[in-house]
Amino acid sequence: MTSGVFWIALAKYSGLLVSLVITAVLSRNISASAFGTMAVATVILTFLDIFTDIGIGVAIIQFKNLTRRQINSLFMIGVAIGVILSAGLYFSSKAIASYYDDPVLIPICRLLCICLMFKALNIVPNGMMLRNKQFKLVSIRTFILHLTSGCIAIWGALHGWGVYALVVSPIISSVGVFIFNFCNYPQRLIVDIDWKAIKEVWSYSAFQFLFSFTNYFSRNLDKLIIGKYFSMADLGYYDKSYRLMQLPLQNITFVISPVLHPILSSLQDDKGELSNKNIKLTRLLSQLSFPIGITMYFCAPEIIRIIFGPNWQPAIPVFEILSLSIPLQMILSTCGSLFLAAGKSNHLFYTGILNTLFTVVGFLIAAICFKTIESMAWAWNITLLMGFIDSYYVMNRYTFGTSFRKFVKSLIPQLVNSVVVFSLAFVLFKSFSVNYAVLSLLVKSAIILILNCVLARLLKQYNILTVLPKYMKKGHHING
């Protein structure tokens, strides 16, 4: 697991620097309304992506004894679904543009059909690479394509492409992944599909598909509502704040999540050991995520100003609110892999339904009663907390058959730490003012880090003076 995380992290963190540069250039050369238009198109594309997969990817990882013919059969199902969905998006683009009163959505949606088709072609090869634990190969592929597509997007933004510069990156990435996958895991187009194998796999993957379907609404309903009832500029401010808030999630827990299911699936018959791994993982992620969330909350003005520029000031309050959700999101992002590793995709689905219900009700109340993008951000935080409690109660009580109280107790030291650090930072930064944004960001971050480490030592969580050298030594050993 450590080796896999190392290679995924290497690609993610090197790509993070590239991503920040790309974002800084694009946000200064493309309007907020263009980002809003792309946000709507991306939400629609994300919804259709659920149907291109239908749980095939995770099934390939979980079922170790699939034959070549069975894998090719799954590939053919993916191809057929990709063709149908791409055609559906192409011909429904006018209706989508009419619903959101944005004619630019017509060509954008039609261009993204290319992306949708190639994503369908990539599902089986991606599943094969993860099942075979080729994390190094995945990392190299991710970084090369991210850098290439980002450079082309920047060139387009500087030459007046506008919103079309934002479409370049997902298209190039999906096509590039297909070329890379075809060279390593070529698939055959067959006619004699093994329907028996598909039926066997579907009994497992169906619940994963249904969870992805319901989880989509909890993750994207806020943008759909803002796109319909607010302005595209409001959606642009909200979406950029949301994406910026997710950077820690994408570059820490999304580094771990691709590795968790392939590795922990070998423990699917030992629920007690899976529970122990979950508590250790939760404790580690809480120690990372709570300080990050507090730092991003207090440094929101500096972060927005440095990355997006002075024209994005309306995004600051939204970003502050969303930053408070980072700890829960980072811990919760590993939840799905643990359900799947335990062979309980049905539990994942059941919790997903209830969590989506929380989210739908929360967003509708915020949009109808309060009518601000800040209220939508608060609705996200509150419903996420409810979903967190629901998911981990079901996981500990029913999936693992262990005590939910034991899981909660593992979080208490970091909760105490974070409450004290937040309170002290609130007092310290109330009258804090530095003219230079970068310097202010560095000073605030350093103060929060020092406070957190000191309290961690007092609460006997860890001693940074001994923990850091130990992990640096492990990293050096892996690199060697």
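Above this text you will find the structure in question.
Structure report, in brief. Predicted model only: the values in this text are computed from it and were never measured.

1. Here's the deal with the overall build of the chain
Thought 1: Summing up its helical and strand segments, the chain has 21 helices and 0 strands in all.
Thought 2: In summary, the chain has a C-alpha radius of gyration of 22 Å against a globular reference of 23 Å for 480 residues, a match within 12%.
Thought 3: If you line up the chain on its principal axes, its C-alpha atoms span 70 × 55 × 50 Å.
Thought 4: Here the chain, with 480 residues, has 53% of them falling under the buried criterion.
Thought 5: At a minimum sequence separation of 6, the contacts of the chain that also span at least 24 residues come to 83%.
Thought 6: Charge separation in the chain, taken as the distance between the mean sites of 38 positive and 17 negative side-chain charges, equals 9 Å.

2. Overview of a nonpolar patch on the surface
Thought 1: Taken together, the side chains of Val408, Ile412, Leu415, Val416, Val420, Leu424, Leu428 and Leu459 make up a nonpolar region of the molecular surface, amounting to roughly 590 Å² of accessible area.
Thought 2: Looking at the nonpolar patch, the element that brings in the most residues is helix H19 (residues 412–428), giving 6 residues.
Thought 3: Along the polypeptide, Leu424 turns up in helix H19.

3. Focus on unusual backbone geometry
Thought 1: A positive phi angle is found at Lys371, which is not glycine, with a value near 60°.
Thought 2: Examined against the element boundaries, Lys371 turns out to sit in the loop between helix H16 (345–370) and helix H17 (373–399).
Thought 3: The class of Lys371 is exposed, set by a relative accessible area of 58%.
Thought 4: Located in the positive-phi region is Lys460, a residue other than glycine, with phi close to 60°.

4. Some points on the side chain of Ser86
Thought 1: When you line up the elements, Ser86 lands in helix H4 (residues 68–99).
Thought 2: Its relative accessible area of 10% is what places Ser86 among the buried residues.
Thought 3: With residues up to four places along the chain from it excluded, the contact list for Ser86 reads Cys113, Leu116 and Met117.

5. Some details on the packing of H16 against H17
Thought 1: Contact pair H16 / H17: the axes reach a minimum separation of 9 Å and the direction vectors enclose 160°. Put simply, H16 runs roughly antiparallel to H17. In terms of crossing hand, the pair formed by H16 and H17 is right-handed. Residue-level contacts link His347, Thr351, Leu354, Asn355, Phe358, Thr359, Gly362, Phe363, Ala366, Ala367 and Phe370 of H16 to Ser375, Met376, Ala379, Trp380, Thr383, Met386, Gly387, Asp390, Ser391, Val394, Tyr398 and Thr399 of H17.

6. Some points on the layout of surface pockets
Thought 1: Estimated volume of the second largest pocket: approximately 470 Å³.
Thought 2: Lining the second largest pocket are 19 residues, with Phe290, Leu324, Ser325, Pro327 and Leu328 positioned closest to its centre.
Thought 3: The dominant element in the lining of the second largest pocket, judged by the number of residues it contributes, is H17, at 5 residues.
Thought 4: Grouping the constituent residues of the lining of the second largest pocket by class yields 14 nonpolar, 5 polar and no charged.

7. Here's the deal with the environment of Thr42
Thought 1: Locating Thr42 in the fold gives a position in helix H2 (residues 32–53).
Thought 2: For the pair Thr42 and Phe363, spaced 321 residues apart in sequence, the C-alpha to C-alpha distance is 19 Å.

8. Re helix H7 (residues 164–184)
Thought 1: Taking 1.5 Å per residue, 21 residues should reach 30 Å; H7 reaches 31 Å between its end C-alpha atoms and fits that length.
Thought 2: Among the residues of H7, those classed as buried are Ala165, Leu166, Val167, Val168, Ile171, Ser174, Gly176, Val177 and Asn181.

9. Focus: H16
Thought 1: Its 26 residues place the ends of H16 36 Å apart at the C-alpha level, agreeing with the 38 Å of an ideal helix rising 1.5 Å per residue.
Thought 2: Once H16 finishes, Lys371 follows within two positions and takes phi at roughly 60°, a positive value.

10. Notes on the nonpolar core
One broad rule of soluble globular proteins: the nonpolar side chains tend to lie buried together.
Thought 1: The biggest cluster of nonpolar side chains holds 128 residues, and the ones touching the most others in it are Tyr238 and Met376.
Thought 2: No other element matches the 13 residues that helix H5 (residues 105–131) contributes to this core.
Thought 3: Once you skip the residues sitting within four places of it in the chain, Tyr238 turns out to touch Asp222, Lys223, Ile226, Val318, Leu322, Ile373, Met376, Ala377 and Trp380.
Thought 4: The next biggest cluster of nonpolar side chains, apart from the first, holds 7 residues, and it includes Phe298, Val421, Ala425 and Leu455.

11. With respect to the pattern of salt bridges
One side chain can pair with another of opposite charge once the charged atoms of both are near each other.
Thought 1: Tallied over the full model, the rule gives 5 salt bridges.
Thought 2: Taking the shortest distance from any N to any O, the salt bridge between Asp222 and Lys223 comes out at 3.6 Å. Across the pair, Lys223 and Asp222 agree in class, each one buried.
Thought 3: Glu302 is paired through a salt bridge with Lys444; the nearest N and O atoms lie 3.1 Å apart.

Calculation rules
Residues numbered from 1 in each chain as written. Predicted model: local features only at pLDDT ≥ 70, side-chain atom pairs only at ≥ 80, totals over all residues. Heavy atoms only, no water. Helix = DSSP H or I, 4+ residues; strand = E, 2+ residues; numbered from the N terminus. Rg over C-alpha atoms; globule rule 2.2 N^0.38 Å. Buried < 20%, exposed > 50% of the residue type's maximum accessible area, 1.4 Å probe, protein only. Contact = heavy atoms within 4.5 Å. Lys, Arg positive; Asp, Glu negative; His and termini not counted. Charge placed at Lys NZ, Arg CZ, Asp CG, Glu CD. Patch = residues over 30% accessible without salt bridge, like charges linked within 9 Å, V, L, I, M, F, W, Y side chains within 5 Å. Areas by Shrake-Rupley, 256 points an atom, 1.4 Å probe, with all protein chains shown as cover. Salt bridge = Lys/Arg side-chain N within 4 Å of Asp/Glu carboxyl O. Axes fitted to C-alpha atoms, helices over the stretch in contact; angles between N-to-C directions. Parallel < 35°, antiparallel > 145°, perpendicular 65-115°, else oblique. Left-handed = near helix turned anticlockwise from the far one by under 90°. 1 Å grid on protein atoms, 1.4 Å probe; cavity = no way out; pocket = protein on both sides within 12 Å on 5 of 7 lines; lining within 4 Å. Points joined across faces, edges and corners; volume = space filled by probe spheres on them. Nonpolar A, V, L, I, M, F, W, Y, C, P; charged D, E, K, R; others polar. Expected span 1.5 Å × (residues − 1). Core = buried A, V, L, I, M, F, W, Y, C linked by side-chain atoms within 4.5 Å.

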